[in-house]
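Residues per chain are reported as follows:
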Amino acid sequence: FYGTPNQTVAVELHTASGNAISNIDYILQNAVVEFGANSTVGASLCTYITILGNDAVQDTKNVTVYLTSNSSDVLIPSYAQSVPVQILGGITQYIEVSFTSNTYSVHENEGYVRVCIEITSGLLKRAAIVYLSSLDGTALNSTHYSPLQNTTLTFFSGDQMNSTRCVNITVFDDMITGDAKFFTVSLTAYDINVYVTTPNTTTITIQDSDYITLSLTNNTYNTSKMVGYVMVCAKILTGTLGRSINVYASTIYGTATGANFIGVQSYPLLFISGKRQNDSSCFNITVIDDIITGNTNYFTVYIASNDTGVRIITPINATVSIADSNYVTVRFTSPTVTTNESSGFAFVCIEIKTGILGRNASTYLSTVNGTAIATTNYSPLQQTEVQFVDNDTENSTICVKIVIFDNMITEDTKYFNVSITTQDTGVILVEPNTCIVGIMDSNYIVVSFNASTYNTTESVGYAMVCVQIITGTLGRSISVYLSSNNGTATGRNFIEVKSYPLLFTPGKRQNDSLCFNVTVIDDMVTGNTSFFTVYITSNDTGLQLATPTQAMVSISDSDHITIGFTSATISTNESTGYATVCIKIQTGVLGRSAKVYVSTMDGTAINSTNYSPVRYAEIQFLNGDSNSTTRCINITVLNDMIVEDAKDFKVLVTTNDTGVHVVSPNTTTVTIEDSNYLMVSFTSSKFYSSEKEGYLMICAKIVMGIHERPIWVYISTMNGTATDQNFIQVQRYPLLFTSGTQQNDSVCFNITVIDDMITGNTNYFTVMLTSNDTAVHLTTPFNATAFISDSDYVQVSLGSSTYNSNESVGYVTVCAKIITGTLGRSASVYLSTMSGTATDRDFIQVHNYLISFVSGNRNNDTSCFNITIIDDATTENTNYFAFYIMTNDTGVHVITPSNATVNIDDNDYIMVGFSSPVYTTNGGAGYVQVCAEILQGTLGKSVSVYLTSTNGTAVIGEDYYSVDAELVFNSGQRQNDTSCANITILDDMITDGMHMLTISLFSNTTAVQLAKPWNATVIIDDIDYITVSLTSSVYNTSENEGYLNVCAIILSGYLEIPVAVNISSSTGIENDFIPVQNLELWFYPDDAQNDTSCANITIIHDMLTETTEAFFVFIYSNISSVRLVPPTNATIFVTDIDSIEVGFNQSMYNGSAHSSIQVCIQIYSGQLNATVNLGTYINGTSTVGSAFSPATINFSLMSGDRNGTIRCKDLSLLPVGAIGTSQQYNVTLLQLTTDITVHFRQHSAIIIVFNPASNQITAEEVAAISAGIILVIIFFFILILAVYMLVCTSMIKKATVKKYKNGQSGLYFPLKPEYDNIKSSKRSQKNETLEMKNLDNSMVIKNETVS
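How each quantity is defined
Each residue is numbered by its place in its chain's sequence as written, counting from 1. In keeping with the model being predicted, local features are shown solely for residues with a pLDDT of at least 70 and side-chain atom pairs are shown and tallied solely at 80 or more, while totals for entire chains, interfaces and linings include all residues. Think of the side-chain values as coming from all heavy atoms in the structure, minus any hydrogens and water. Counting from the N terminus, the helices are DSSP H or I runs at least four residues long and the strands are E runs at least two residues long. The quantity called the radius of gyration is restricted to C-alpha atoms. Its globule counterpart is 2.2 Å times the number of residues to the power 0.38. For every residue, the accessible area obtained with a 1.4 Å probe (protein chains only) is divided by the maximum for its type, and the residue is called buried under 20%, exposed over 50%, and partly exposed between those limits. Computed by Shrake-Rupley with a 1.4 Å probe, the accessible areas treat only the displayed protein chains as cover when residues are assessed. Here is the rule: rings of Phe, Tyr and Trp (six-membered ring for Trp) pair when centre to centre is within 6.5 Å. Planes less than 30 degrees apart are stacked, more than 60 are edge-to-face, and the remainder are tilted. Counted as over-ring charges are cases with an Arg CZ or a Lys NZ within 6 Å of the ring centre that also lie within 35 degrees of the ring normal. The rule for a salt bridge is simple: a side-chain nitrogen of Lys or Arg has to be within 4 Å of a carboxyl oxygen of Asp or Glu. We define a polar contact as two N or O atoms separated by no more than 3.5 Å, with the added condition that, inside protein, one atom must be a possible hydrogen donor and the other a possible acceptor, whereas residues neighbouring each other in sequence contribute only through side-chain atom pairs. By the convention used here, residues are in contact when the closest approach between their heavy atoms is within 4.5 Å. In this scheme, strands are said to pair when DSSP sees at least two bridges between them. A fitted line through C-alpha atoms represents every axis, and for helices the fit uses only the stretch in contact; the resulting angles, taken between N-to-C directions, go from 0 to 180 degrees. Note on scores: pLDDT gives the predictor's confidence for each residue, bounded by 0 and 100. The disulfide criterion is simple: two cysteine sulfur atoms within 2.5 Å. Patch building starts from residues that exceed 30% relative accessible area and form no salt bridge, then joins like charges within 9 Å and nonpolar side chains (Val, Leu, Ile, Met, Phe, Trp, Tyr) within 5 Å. By convention a nonpolar core is built from buried Ala, Val, Leu, Ile, Met, Phe, Trp, Tyr and Cys residues, the set being connected through side-chain atoms within 4.5 Å.

Structural notes on the overall build of the chain
So, point 1. A tally of helices and strands in the chain yields 1 helix and 106 strands.
So, point 2. Its C-alpha atoms give the chain a radius of gyration of 69 Å, clearly above 34 Å, the size a compact globule of 1347 residues would have.
So, point 3. Projected onto its principal axes, the C-alpha coordinates of the chain cover approximately 200 × 150 × 60 Å.
So, point 4. Split into buried and exposed, the 1347 residues of the chain put 38% on the buried side.
So, point 5. Element-wise, carbon and sulfur atoms account for 51% of the exposed surface of the chain, whose accessible area totals about 69300 Å².

Considering the packing of aromatic side chains
So, point 1. Applying the stated criterion across every chain, the model contains 26 aromatic pairs.
So, point 2. Taken together, a centroid distance of 4.2 Å and an interplanar angle of 20° make the contact between Tyr94 and Tyr195 stacked. Separated by 101 residues along the polypeptide, Tyr94 in the loop between β6 (82-87) and β7 (95-99) and Tyr195 in strand β14 (residues 194-196) bring together distant segments of the chain.
So, point 3. With relative accessibility at 41%, the residue Tyr195 sits in the partly exposed group.
So, point 4. Through a chain of ring-to-ring contacts, three or more aromatic side chains come together here, namely Tyr253, Phe261 and Phe299.
So, point 5. Positioned above the aromatic ring of Tyr211 is the side chain of Arg311, whose terminal nitrogen or guanidinium carbon lies 4.1 Å from the ring centre.
So, point 6. The ring of Tyr1025 is capped by Arg1123, whose NZ or CZ atom sits 3.9 Å from the centre of that ring.

Here's the deal with the pattern of salt bridges
So, point 1. One pass over the full model with this rule turns up 16 salt bridges.
So, point 2. Asp159 serves as the salt-bridge partner of Arg165, at 2.5 Å between the closest nitrogen and oxygen.
So, point 3. One salt bridge in this structure joins Asp540 and Arg476, with 2.6 Å as the shortest N-O distance. Pair noted here: Asp540 is in the loop between β42 (530-537) and β43 (543-545) and Arg476 is in the loop between β38 (462-471) and β39 (478-486), with a separation of 64 residues, a long-range link. When sorted by exposure, Asp540 lands in the same class as Arg476, which is buried.
So, point 4. Via salt bridges that share partners, Asp179, Arg243 and Asp307 belong to a single interconnected network.

As for the side chain of Ser863
So, point 1. Looking at where Ser863 falls in the secondary structure, it is placed in strand β68 (residues 862-868).
So, point 2. Side-chain polar atoms of Ser863 contact the backbone oxygen of Ser852, separated by 2.6 Å.
So, point 3. The residues touching Ser863, leaving out its near neighbours within four places in the chain, are Val814, Cys815, Ala816, Ile851, Ser852 and Phe853.

Notes on the sheet that holds strand β50 (residues 630-636)
So, point 1. If you trace the 4 strands from one edge of the open sheet to the other, you get β50-β47-β45-β52, paired in mixed fashion. Taken across any chain shown, the strands that pair with only one partner, and hence form the sheet edges, are β50 and β52 (660-662). Looking at each pair of strands side by side, their axes are set apart by 25° on average, direction ignored.
So, point 2. Alignment of strand β45 (residues 561-565) against β52, held across 3 bridges, turns out to be parallel. Bridge pairing in β52 places Thr562 opposite His661.

Some thoughts on the sheet that holds β39
So, point 1. In space, the 5 strands of this open sheet follow the order β37-β44-β42-β39-β40, with mixed pairing throughout. Whereas interior strands pair on both sides, the edge strands pair on one side only; in this sheet they are β37 (453-457) and β40 (500-504). Neighbour-to-neighbour, the strand axes of the sheet open up by a mean angle of 25°, direction not taken into account.

Regarding the confidence of the model for the chain
Close inspection of predicted coordinates is inappropriate for parts of the model with low pLDDT.
So, point 1. On average, the chain scores 86 in pLDDT, and the residues at 70 or more come to 93%.
So, point 2. For residues 1293-1301, every residue scores under 50 in pLDDT, and the model assigns this stretch 21 contacts once sequence neighbours within four places are set aside.
So, point 3. Segment residues 1337-1347 is flagged for pLDDT under 50; beyond a separation of four residues in sequence, or across chains, it makes 22 contacts in the model.

Focus on the pairing of strand β70 (residues 879-886)
Looking along a regular strand, one sees side chains alternate from face to face of the sheet.
So, point 1. Bridge count for strand β66 (residues 827-835) against β70 is 6 bridges, and the pairing is antiparallel. Paired with Ser835 across the two strands is Phe881, which belongs to β70.
So, point 2. Sheet topology places β70 next to strand β72 (residues 899-905); 6 bridges connect them, and they run antiparallel. In the strand pairing of β72, Ala882 is matched with Thr901.

Here we look at the state of the cysteines
So, point 1. Here the structure, examined in full by the defined rule, presents 10 disulfides.
So, point 2. The side chain of Cys349 participates in a disulfide bridge whose partner is Cys399; the two sulfur atoms lie 1.8 Å from each other. Where Cys349 bonds to Cys399 through sulfur, the torsion about that S-S bond is close to 105°, and the disulfide is right-handed. Here the residue Cys349 occupies a position in strand β28 (residues 345-354), and Cys399 occupies one in strand β32 (residues 397-403), the gap between them amounting to 50 residues.
So, point 3. Disulfide pairing places Cys815 opposite Cys864 at an S-S distance of 1.9 Å. Its torsion about the S-S bond being 100°, the disulfide of Cys815 and Cys864 is classed as right-handed. Placement of Cys815 in strand β65 (residues 811-820) and of Cys864 in strand β68 is noted, with a sequence separation of 49 residues between them.
So, point 4. Accessibility expressed as a relative area gives 17% for Cys815, which makes it buried.

Digging into a nonpolar patch on the surface
So, point 1. A contiguous nonpolar patch, built from Ile1270, Leu1271, Ile1274, Phe1277, Ile1278, Leu1281, Tyr1284 and Met1285 and spanning about 780 Å² of accessible area, is present on the exposed surface.
So, point 2. Turning to its location among the elements, Leu1271 is positioned in helix α1 (residues 1259-1292).

As for the nonpolar core
So, point 1. Residues Tyr919, Leu947 and Ile999 are the most contacted members of the largest nonpolar core, which totals 30 residues.
So, point 2. The greatest single-element share of this core, amounting to 5 residues, is contributed by strand β75 (residues 927-936).

Looking at the pairing of strand β36 (residues 445-449)
So, point 1. With 5 of 5 residues buried, β36 lies mostly within the body of the structure.
So, point 2. Taken together, the 3 bridges between β36 and β43 define a ladder with parallel strand orientation. By the bridge assignment for β43, Val446 is matched with Gln544.
So, point 3. The pairing of β36 with β38 spans 4 bridges and is classified as antiparallel. Paired with Val447 across the two strands is Ile469, which belongs to β38.

Topic: the environment of Gly591
So, point 1. As for its placement among the helices and strands, Gly591 is situated in the loop between β47 (578-587) and β48 (594-602).
So, point 2. Residue Gly591 is classed as partly exposed on the basis of its relative accessible area, which comes to 31%.
So, point 3. Once the C-alpha coordinates of Gly591 and Phe883 are considered, the two residues, 292 residues apart in sequence, prove to be 102 Å apart.

Observations concerning unusual backbone geometry
Across the chain, the bulk of peptide bonds are trans and the bulk of non-glycine residues have phi less than zero.
So, point 1. For the bond from Thr314 to Pro315, the omega torsion is -5°, close enough to zero to count as cis.
So, point 2. Residue placement: Pro315 occurs in the loop between β24 (310-312) and β25 (317-323).
So, point 3. Within the chain, Asn395 stands out as a residue other than glycine whose phi angle is a positive 80°.
So, point 4. Under the relative-accessibility criterion, Asn395 is labelled exposed at 53%.
So, point 5. For Ser499, which is not glycine, the phi torsion reads 50° and is therefore positive.
So, point 6. Taking the relative accessible area as the measure of exposure, Ser499 reaches 42% and is therefore partly exposed.

This is the structure we're talking about:
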């Protein structure tokens, strides 16, 4: 600070009085500093305190640094003797914590789940706290688990990477069988030195450990074909469901098959959530009615389930019995059968009317006497069985023959009954179920009339005719039938006879007769004698007719007729101009013509004035006229054109014909009614008055006519709109036209009118003119309308000057009101609207709309109308329009208020949601655009919605930037219009898979309603990837290593998620390795370049000698975060370590020249899986090649050759050397195939060739001797075979034929018990062995030698 040293000055630094520890928290460098000589004021020296522990999170530490000096030349001021140093606790350091797993799983019955947090990086030198909180998913807190709310976990000083802290979360068993449920636990930290990394949330799945027990409700079910189904039910025995489950029902054929029911396989029976003990689920199995009458059948139904929440207990299966409800209907083919005694028999047939039989069915026939007696007329049946058989169908018929006896007696047809019965419930008897058998008789008698002519008269009244038996005797009653035919006599002369029966009773014989009286009718007609004929017929086979079968009956006649007027009085009218007078025959019929005469005589009517007179006018009746025949004459009537009373005259009838008798009425009075009249009407069709005048004058007048007597007409009234309140009624009030009045004369009457003091319309009533005088003809107008006018009025105004409504209401009710007055009629005002700020888009305009008041309305009564309000679906301000009333009704006065204003409040809104529930982008896109969309409605003003984001697996600042945006919709926008914002996406350059975040909309205005989806998910696909290949394109191994390690390697990239590549192998070489298919090679988080993932491929030692084999492996992946680069496939070579041992099968071979020998090699050990070629090296006493043919010897061993296999070569031996000498050759085996390991045992052999002399046995002789020896061997072989066959035959006789379930058949030999149930045999290729298998394909006998 001041002073100048002339020599070096030392100053010392010391530390003390703090919680920082030297050499642990800090190191003081250069504890002594020196100022050099000549240092000046302001010179400074520095040293350093090294801070330790910056790699850890720790508390803040303090230390004080002091200055001292041993030099008396140095003064240190007190204010500068010390300085505090504060070591901040690792402010730039932090630890990273996360869950040890992003998922945990626990079962309800375990009671808790242990969730752990670990330090993934960093070191603590102080305590740090993290917080856990739970959030419901499908699992609910306090119901399924005990919740966490900022539950603390503390890490302590010294904790570092992989240090963990755990918490047990209690899990509750709800005792309900349900789906697995989950909840999430989130990790947070408020310590600035603690970073929470992913996974910062974990999902805890609570696996359900409950189950329900189920069974069928019964172990038997019964139904019938007629029902058509059977209901089968499964029932919960214990437990409660919290989710839906299925059990599956299936059926198995029994005696019932697919023809009897529709089988099911794994038919689902659904139990929904909430079902509990004793609840059941049922389904119907369709039962098929095969329409065949058969026995009861059955099938089996069972239930199964692969749901871990279901335990199925007995009864698991049940037997379903299908009772047969079909039947056949049986009846007689006919209700009657007829036969003849002479035929000797009758056939009675029964048939199946409907149905089909699937089995035999019996019915029984029995006879019951009728008039025919059993054993006398027929041979009886007693429960005679008639059987229908299987497959009989509709119309199948069976007939039974019944013997008929002839008793040689002429008699009636006799009958007996045949009935059907049955005890079979599958047989229903229908009509006809009884049959009547008739036995007809063939004897007869001969019958005729006893005369050919009969006579009678009408007065006798009848004619007797008789029929007699000519030949024969009756043993029964027989009828002949008498009939008549018209001749000149008809039904008027006699009563016709139609098949009248004449009955001959049993015992009647020749000459016996029967008579009958034919009624003769007196026809009252005088005429000639007439006749008719009678004849006899019979349809009885026991009767034959003989002549005469017809006879004539004559009738004599003596009649007369009576006549008279048809009426004693006759009436006519002047206007008719005549009167018709008629005479008729009262009794009798004319057989000829007859005349009568009529004359007139004055009464009040004078001849020539009122009528024209008649004198003996002739009326003639003709031949054939009979009772009621009428003849008439017209007498002229004269009209005097004067209205007067009726007048009359008489008419008389006379005759001089004795065949005609005149009877009463023999005179008739003719009355002439007056036909003249007056025409009368009202003077007018309308009459007018008013309530004030008090009366209404009504007048009638004569329109036409003259009269000489008083004439009355009558006036009556009838209500119209005018009633008794408006006038005094009159009924038939008389108006008199006196004698002598004439055309246009009138008579009047006043009707009283009443003033009702009520405002109404002009009313009317009807006045009617009537008369009961026939001389009065009313002409129009004979009805008139009387009008009474009114002059009252009412005062009307609107009910209010202001009305309010809302678009959602859809209308506004406006009313007009009567202020003063009373209505006696309907009255109207007219309402019209005018636009204001509301226009035609807001309401429906009305113009002159009629608002009516009805009769009886008075002051304060109202009449209302709804004006339609239109919801324009546009958000806008309150609008208004106006309306007013007016009228042209003189009975209505409109007063104020006569107009009013209607205010329309707006209640529209738009519905807004995200344009998509999911938005997808990738880390390299830089941003993703998300849009809110108007889903419904139209805007009339601007509104806003607000966008926020929430972390999912995507984290703010790492994967995206937080967004809080306002999305504005402007006036005029409508459905499908959008407002969008961009969310910035970050690429972390690490392969860490897909991330997600949630975005949400909210609104603070009623003009906007949020609709789904108001939340959306943003998916950020990872664009980063790792490159992977195999570590090599070639791998080598050998059989004895047992496996091969094949690896995939990461060539570039860094992982934060687990990924897998798949490896598969070829399957080309069997038995050398175990192929792999779709085996996963996993890479895990933090794996990077040069990290590998390997798989062991098992190599099989097959114990076969073979060449080096090869197969292939290749890797592949369908994961976008993995890119494969070569080599992606590799060849694997498997070196064989096996060998075979080969040699000659003997050491020496002998033969003679001109013959042949066989040289053989043999495998002594090992088995080949390849071809091996062997050659030979030959050396000997003669030139190589001159002793053998062929000159070289090569052998080939084939794949499959094994220990004991022999391969031979035939050698033809050639003469070499002098006769009688032998040549010796050494033959050594050589390996020609180099890639197979071959060891030699009998490596060499000697071949000796003898060259024989001429007297020695030649090759031909050797061949002949050999042939003889072979024949002897064959003989003995055949003998041994024959003995063997005898033994085998005795054994085969014990064999039986079995048919197995798979449809195959075979012989079954009763051998050893363990060899029982043999299915098939297969002859092997090498040894004479049989390979026998049991029915379940398990090997029972293997390479068993069979003789």
